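Listed below are the residues making up each chain.
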Amino acid sequence: MITVSNLTKTYGKNRGVNDISFTVPEGQIVGFLGPNGAGKTTTMNIITGYLSADKGNVEIAGVDMQKSPIEAKRHIGYLPEQPPLYHAMTVNEYLDFVYDLKAVVADDRKKHLSDICESLGLSDVRGRVIGHLSKGYKQRVGFAQALLGDPDVLILDEPTIGLDPRQIVEIRNVIKEMGKQRTIILSTHILPEVSAVCERVLVIADGVLVADDNPESLSSGLKGNRAQLARVAGQADDVSKVLKKVAGVSSVKNLGIIEPETTDFILENEQGVDIRKPLFSALATAGFPLLMLRPQNESLEDIFLQLTEKEDESDASDI
């Protein structure tokens, strides 16, 4: 549905994005992550046709953005970080205005607007002035304008920023529902939001794409699945001595007592070594029951920091 090929954009001597390529199939929700100044907004502006690239091209639903921009944009709904609202208008007036501005073609204008408002929970506030609405409802109105014309693709830039926890959950649910019928690129700094909503994560750092995978694979695979969380019954110091002698265990970290008469440990194993069998055998021989053992995947925050720090270090080495 979205094909981005070798995008490059510079601002004077500063690099915006550098040779970025990726595809997003129909019906996928993709999280687009990166630190401030990484090139996220530049990339999204090029995808939506707001900016032109120095090199490379974008296709939306098979339509080349550069060759047929109007046709390509008909497939896109865009919600920028600050929704483009007119606060003096009512919701109805605003949606009618944007409907005409976008030159939407629909069999039944009234039904089209009603269906969008109903899907976003706006039906009861359509007669109210936008400036008098809560931030959560204003965000929903922003979603509504993006959905006018029933686009195949939604580009969402920080859609939950500034919202309270309840509003964040509401907007996340809206995104999930919209994702059942559309392809979505979601740019956000709220990493738990990516885990909760997205099927795939793209990470950009200093204009370069540094990761492209699903959240689970990124979480388990960045360090080769080398960490295990173990819960063992027994006195902590005695158990720790046994754990440190297990073949393949490179480090043991005591996390303390979570369950009475047990201790939790993080066990780091050597690359490519499966410690489960020798671990079980050693603890059984010593008389310490192993009550739990599971991979200790890194959080998305940890992965984000590692990936972006790697890119920063690479840039520093070039100086």
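This text goes with the structure placed above it.
Before going into details, it helps to say that this report is about the structure given with it.

Quick notes on the rules
Residues numbered from 1 in each chain as written. Predicted model: local features only at pLDDT ≥ 70, side-chain atom pairs only at ≥ 80, totals over all residues. Heavy atoms only, no water. Axes fitted to C-alpha atoms, helices over the stretch in contact; angles between N-to-C directions. Helix = DSSP H or I, 4+ residues; strand = E, 2+ residues; numbered from the N terminus. Parallel < 35°, antiparallel > 145°, perpendicular 65-115°, else oblique. Left-handed = near helix turned anticlockwise from the far one by under 90°. Contact = heavy atoms within 4.5 Å. Pairing = 2+ DSSP bridges. Core = buried A, V, L, I, M, F, W, Y, C linked by side-chain atoms within 4.5 Å. Buried < 20%, exposed > 50% of the residue type's maximum accessible area, 1.4 Å probe, protein only. Salt bridge = Lys/Arg side-chain N within 4 Å of Asp/Glu carboxyl O. Phe/Tyr/Trp six-rings, centres within 6.5 Å; stacked < 30°, edge-to-face > 60°. Arc of directions from axis to C-beta.

1. Looking at the packing of helix α5 (residues 135-147) against helix α6 (residues 165-178)
Move 1: Two elements in contact, α5 and α6, have axes whose closest approach is 10 Å; the angle formed by their N-to-C orientations is 15°. Regarding the angle of α5 to α6, the classification is roughly parallel. Judged by the twist between their axes, the crossing of α5 over α6 is right-handed. Note on element contacts: α6 touches α5 through Gln167, Glu170, Ile171, Val174, Ile175 and Met178, opposite Lys135, Gly136, Gln139, Arg140, Phe143 and Leu147.

2. Quick word on the sheet that holds strand β11 (residues 227-233)
Move 1: Spatially, the 4 strands line up as an open sheet ordered β12-β13-β11-β14, and their pairing is antiparallel. Since the sheet does not close on itself, it has two edges, and those belong to β12 (249-256) and β14 (290-295), each with one partner. Strand after strand, the sheet turns through a mean of 20° between neighbouring axes, direction not considered.
Move 2: As judged from the 6 bridges shared by β12 and strand β13 (residues 262-269), these two strands associate in the antiparallel manner. Among the inter-strand pairings, Val252 is bridged to a residue of β13, identified as Leu267.
Move 3: Packed on one face of the sheet, helix α9 (residues 236-244) meets β11, β12 and β13 and runs near 20° to β13.
Move 4: Those strands touched by helix α10 (residues 276-286) are β11, β13 and β14, and its axis lies near 165° from that of β14.

3. Structural notes on the nonpolar core
Move 1: By size, the foremost hydrophobic cluster in this structure holds 42 residues, and its most contacted members are Leu95, Leu120, Val141, Phe143, Leu148, Leu156 and Ile175.
Move 2: In this structure, Val141 is in contact with Leu85, Val91, Tyr94, Leu95, Leu122, Ile130 and Leu133, ignoring residues within four places of it in sequence.
Move 3: By size, the runner-up hydrophobic cluster in this structure holds 24 residues, among which are Val4, Leu7, Val30 and Ile204.

4. Observations regarding the pattern of salt bridges
Move 1: For the coordinates displayed, the defined rule picks out 11 salt bridges.
Move 2: Here Lys9 makes a salt bridge to Asp54, at a shortest N to O gap of 3.9 Å. Remark: Asp54 occurs in the loop between α1 (40-47) and β4 (55-60) and Lys9 occurs in strand β1 (residues 2-11); sequence separation between them is 45 residues.
Move 3: Connected through salt bridges with shared partners, the residues Asp96, Asp100 and Arg109 form a single ionic network.

5. Focus: the pairing of strand β2 (residues 14-24)
Move 1: Here β1 pairs with β2 via 7 bridges, running antiparallel. Within the sheet, the bridge partner assigned to Lys9 lies in β2 and is Val17.
Move 2: From the end of β1 to the start of β2, which pair antiparallel, there are 2 residues, and Gly12 there has a positive phi angle of about 65°.

6. Quick look at the packing of aromatic side chains
Move 1: For the structure on display, the rule yields 3 aromatic pairs.
Move 2: Seen from their ring centres, Tyr86 and Tyr94 are 6.5 Å apart, and the 50° between their planes marks the pair as tilted.
Move 3: Taking the relative accessible area as the measure of exposure, Tyr86 reaches 47% and is therefore partly exposed.
Move 4: Using a relative accessible area of 1% as the deciding quantity, one classes Tyr94 as buried.
Move 5: Measuring from centroid to centroid gives 5.6 Å for Tyr86 and Phe97, while their planes differ by 90°, and the two rings are edge-to-face. Residue Tyr86 is located in the loop between β6 (76-79) and α3 (91-101), and its partner Phe97 is located in helix α3; the two are separated by 11 residues in the primary sequence.
Move 6: Residue class for Phe97 comes out partly exposed when judged on its relative accessible area of 32%.
Move 7: Three or more aromatic residues link up through ring pairs in this structure, and these residues are Tyr86, Tyr94 and Phe97.

7. A look at α3
Move 1: Every buried residue of α3 is accounted for by Val91, Tyr94, Leu95, Val98 and Tyr99. The buried residues of α3 occupy one face: seen down the axis, they fall within an arc of 135°. α3 presents Asp100 and Leu101 as exposed residues on the side facing more than 90 degrees away from its buried surface.
Move 2: Check the buried side of α3 and you find it contacts α4 (109-119) and α5.
Move 3: Ala103, located one to two residues past α3, shows a positive phi value of around 55°.

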